[in-house]
Amino acid sequence: MATTELASPRGAPPGHATGEVIFRFACASAATLLLVALAGVVISLFIGGLPAFKTFGLSFLTSTTWNPVTEVYGAAGPIAGTLITAFLSLLIALPLALGVSVFLVEFCPVQLSRPIAIAVELLAGIPSIVYGMWGLFVLAPWFAAHVQLPIAMSVTPGSWIDKVFSGTPNGANIFTASLILAIMILPYMAAVFRELFLTVPPQVREAAYGLGCTPFEVIRSVVIPYVRRGMIGVIMLGLGRALGETMAVTFIIGNAHGFPHSLFDSGSTIASTVANEFAEATSDMHTSALIALGFVLFVITFVVLAIARLLLREAKH
Amino acid sequence: MLKMFVVGVGAFAIATTAAAADISGAGATFPAPVYAKWAEAYKAQTGIGLNYQAIGSGGGIKQIKAKTVDFGASDKPLKPDELAASGLYQFPTVVGGVVPVMNLPGIQPGQIKLSGQLLGDIFLGKVTRWNAPQIAALNKGVNLPATPITVVHRSDGSGTSFLFTSYLAMKNPEWASKVGASDSVQWPTGLGGKGNDGVAAFVKQTVGAIGYVEYAYAKQNRSTYALMQNKAGKFVAPNATAFAAAAGSAPWLRSPGNYVLLLDQPAATAWPITGATFILVYRNQENPANGAQVLKFFEWGYNKGDALAASLDYVPLPANVKGLLKKQWAKSVTAGGKPVYVAK
């Protein structure tokens, strides 16, 4: 410990005192501003949502009744929809992102790898509303005609397959929403995975090849363990984006407030509910319930990031 | 957070008002295109612009209550007691209608007839197939398929949903007791599309679907609409004449605070799901000059905006209603007891 302190002296070096003080002050105030803004958002969300929390108590989180006419609000449907779509999309995107990045780093000819990498990064920059429109006008009809209808026609009613895949055949459901989300977080995750894999020193990799490892063994036993901490961080950020994604999901999830009963059932997410109803929410309790939803989403995201931190700490030891 | 947001937007609105002496307004998205068109023509004639933020009726009501804009706009009229409590005055500008649209291969627009009661049962999920006896009873001679009915509704809170659910609540007692009428309700069945285009897309993609969209949208997309039974018992098609008939037969004179829903009007040619969109201003204007500008703008819209409105498939108010409203302004919008503007 003593050596680290010696290596990075804390006090301002003599001679440039004024400049250093200003520099340090600027950095500190930037960090403070961020914290203050964050605290401000959390506190105002909580205060705004307080009437809803007070009125409905725990049933705000457990009830599936969302009725603006009778002013009864329970957010279990959107909360479940948010968690299901986010984790499902991660499940789809993670193997694909790994495949893309491993191909780019290990197998792809150099002339090809840069254009592909740039294309992947471009994909990451497409606005979410564009994904939503594509989902609504292209993916949903295709999915309804080529996946949902054949399944609905061929299953025996009442079987477990029917229970998992039942739903109106129009392509607006939990699964297509997760698919869109997966496509949205995939380029981002693939791009960062590629950067991570490139940080593995060539000597380490070449040594493994020198020992006679196959490419699969090199990736599995050398490259991935080397960047594991970074990978967990990337996964959690991808999950964070999937949790909060609004517009694309709103277009294609079907926007039913109840609890989704099957993979192909319509549902809603917290973000889509807020986007749908905030502009026209006239009663105070409706507004408050929507702000309370925002607070719940914040808590969910915070828990996800906290878990990521925990995993990172474990990986360190 | 909401308050901060409102204040922030308001500060922006005030800043722009001060700079250009423009009229500032915020609210409903439904009439936004016609206000924009009027504003363009009005600015060319008078040099006074309109800064209208189409943020939704709920937002418009919040903004005018926070006094950050000269006028608010809402697709849903405020009830007289709410107007009195907030010191606001409301008047309608243009009329629109809500049209049930379907996806039934082989069925032409206007071939299917529906009643309010039946439409309610369909949206309650009680009538589940197109060849159900209730539908067949109204449509003798039409070859109805056995296709299951898929209900499509708006997912976002909207004035269109408000009109539609209010109409169902008027005609179908079970709808009134189980669901009710609002911008967004707890839909018993079906899936939600975002906006008119979201609903239209789901209807187009699902055979056997029924949804509801604004008239202009149904017309421009040549959707398969249904004929609706009105209060006089006649089945009418949705068009400008039918909306004007509904607006003309509404009891404007006898409605305190202009709280008028044009639903299920008695005229023989009236379209039953018709509604007006409204402007909200303060009865007692703190800044009479701004209040006068707002009234002048809408007077111009009443006098010269009909053709522009019709070109966008909005229906102007009947001339006698417009005359009545213009007279109302002198005693309803005042500053220190004096009218801010007397319309000619």
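Note that the coordinates shown come from a computational prediction; the quantities given were computed from them, not determined experimentally.

Side note on the overall build of chain A
When you go through chain A residue by residue, the secondary structure sums to 14 helices and two strands. Each of the three principal axes of chain A carries a C-alpha extent, and together these read 70 × 55 × 35 Å. For chain A, with 317 residues in total, the buried portion stands at 38%. A fraction of 75% describes how many contacts in chain A between residues 6 or more apart in sequence connect residues 24 or more apart.

Thoughts on the nonpolar core
Formed by 177 residues in total, the largest nonpolar core has its most connected members in Met189 and Ile252 of chain A together with Ala247 of chain B. Per-element accounting of this core gives the leading share, 19 residues, to helix α8 (residues 174-198) of chain A. Sequence-distant contacts of Ala247 of chain B, that is, excluding residues within four places in its chain, are made with Val95, Leu262, Thr274, Ala276, Leu317, Pro318 and Val321 of chain B.

Quick look at unusual backbone geometry
Residues and elements named next belong to chain B. Look at Asp264: it is not a glycine, yet its phi comes out positive at around 50°. Tracing the sequence through the fold places Asp264 in the loop between α11 (240-248) and β12 (274-282). Judged by the 21 C-beta atoms lying within 10 Å of it, Asp264 falls in the buried class. In this structure, Asp313 is a non-glycine residue whose phi angle is positive, near 70°.

Some thoughts on the interface of chain B and chain A
Interface size, as often reported, equals the accessible area lost upon joining of the parts. In this assembly, 29 residues from chain B lie in contact with 33 residues from chain A. Going through the elements one at a time, α3 (57-65), β7 (191-193) and α9 (195-205) of chain B are the ones with two or more residues in the side of chain B that touches chain A. By residue class, the composition of the side of chain B that touches chain A is 10 nonpolar, 16 polar and three charged.

Concerning the environment of Val213 of chain B
All names here are of chain B. Here Val213 is to be found in strand β8 (residues 209-214). Placed 174 residues apart in sequence, Val213 and Ala39 show a C-alpha to C-alpha distance of 26 Å. In this structure, Val213 is in contact with Val99, Val101, Asn196, Val199, Ala200 and Ala218, ignoring residues within four places of it in sequence.

So, the sheet that holds strand β11 (residues 235-236) of chain B
Strand order in the open sheet made by the three strands is β5-β10-β11 (chain B), with mixed pairing throughout. Both outer strands of the open sheet, β5 (113-114) and β11 of chain B, are each paired with one neighbouring strand and no more.

Some thoughts on helix α6 (residues 128-154) of chain A
The sharpest bend along α6 of chain A reaches about 45° and sits at Gly135 of chain A. Listed as buried for α6 of chain A are Tyr131, Gly132, Gly135, Leu136, Ala140, Phe143, Ala144 and Gln148 of chain A. Those residues of α6 of chain A hidden inside the fold are in contact with α8 and α12 (247-252) of chain A together with α9 of chain B.

Side note on helix α2 (residues 17-56) of chain A
All names here are of chain A. Across its 40 residues, α2 extends 57 Å between first and last C-alpha, which sits within 8% of the 58 Å expected from 1.5 Å per residue. At Gly49, α2 shows its maximal kink, close to 50°; a proline, Pro51, follows between one and four residues later. Gly57 lies just past α2 and shows a positive phi near 55°.

Some details on the packing of helix α9 (residues 202-210) of chain A against helix α10 (residues 215-226) of chain A
Residues and elements named next belong to chain A. It is at 10 Å that the axes of α9 and α10 come closest, and there the two elements cross at 160°. Between α9 and α10, the angle is such that the two are roughly antiparallel. For the pair α9 and α10, the crossing hand works out as right-handed. For the pair formed by α9 and α10, the contact residues are Val204, Arg205, Ala208 and Tyr209 on the first element and Val218, Val222, Val223 and Tyr226 on the second. In the contact of α9 with α10, the residues fall into seven nonpolar, no polar and one charged.

Some points on the pairing of strand β2 (residues 50-53) of chain B
Residues and elements named next belong to chain B. Burial along β2 is one-sided: Leu50 and Tyr52 are buried, while Asn51 and Gln53, pointing the other way, are not. Alignment of strand β1 (residues 23-27) against β2, held across four bridges, turns out to be parallel. Within the sheet, the bridge partner assigned to Ile23 lies in β2 and is Leu50.

Remarks on the environment of Val72 of chain A
You can see Val72 of chain A is positioned in strand β2 (residues 72-73). Each C-alpha atom, one on Val72 of chain A and one on Phe56 of chain A, is 7.9 Å from the other, the two residues being 16 residues apart in sequence.

Observations regarding the pairing of β12 of chain B
All names here are of chain B. Of all nine residues in β12, nine are buried; the element is thus mostly enclosed. By the alternation rule, side chains of β12 split into Thr274, Ala276, Phe278, Leu280 and Tyr282 and Gly275, Thr277, Ile279 and Val281, which are all buried. As defined by bridge partners, strand β3 (residues 71-74) adjoins β12 across three bridges and the pair is classed as antiparallel. Residue pairing across strands places Ser74 opposite Phe278, the latter belonging to β12. Here strand β4 (residues 88-102) runs beside β12; their pairing, made up of eight bridges, is antiparallel. The residue bridging Leu88 from the neighbouring strand is Tyr282, located in β12.

Quick look at the confidence of the model for chain B
All names here are of chain B. Across chain B, pLDDT averages 87, with 94% of residues at or above 70. Of all helices and strands in chain B, the one with the weakest mean pLDDT is helix α1 (residues 2-20) (47), whereas helix α5 (residues 116-124) scores best (95). As scored by the predictor, the complex reaches a pTM of 0.79 and an ipTM of 0.70.

Reading the values: the criteria
- Residues numbered from 1 in each chain as written.
- Chains lettered and ligands numbered in written order.
- Predicted model: local features only at pLDDT ≥ 70, side-chain atom pairs only at ≥ 80, totals over all residues.
- Helix = DSSP H or I, 4+ residues; strand = E, 2+ residues; numbered from the N terminus.
- Buried ≥ 20, exposed ≤ 12 C-beta atoms within 10 Å, placed from the backbone.
- Contact = placed C-beta atoms within 7 Å.
- Core = buried A, V, L, I, M, F, W, Y, C linked by C-beta atoms within 7 Å.
- Nonpolar A, V, L, I, M, F, W, Y, C, P; charged D, E, K, R; others polar.
- Pairing = 2+ DSSP bridges.
- Bend = angle between axes of the 7 residues up to and from the residue.
- Expected span 1.5 Å × (residues − 1).
- Axes fitted to C-alpha atoms, helices over the stretch in contact; angles between N-to-C directions.
- Parallel < 35°, antiparallel > 145°, perpendicular 65-115°, else oblique.
- Left-handed = near helix turned anticlockwise from the far one by under 90°.
- pLDDT = per-residue confidence, 0-100.

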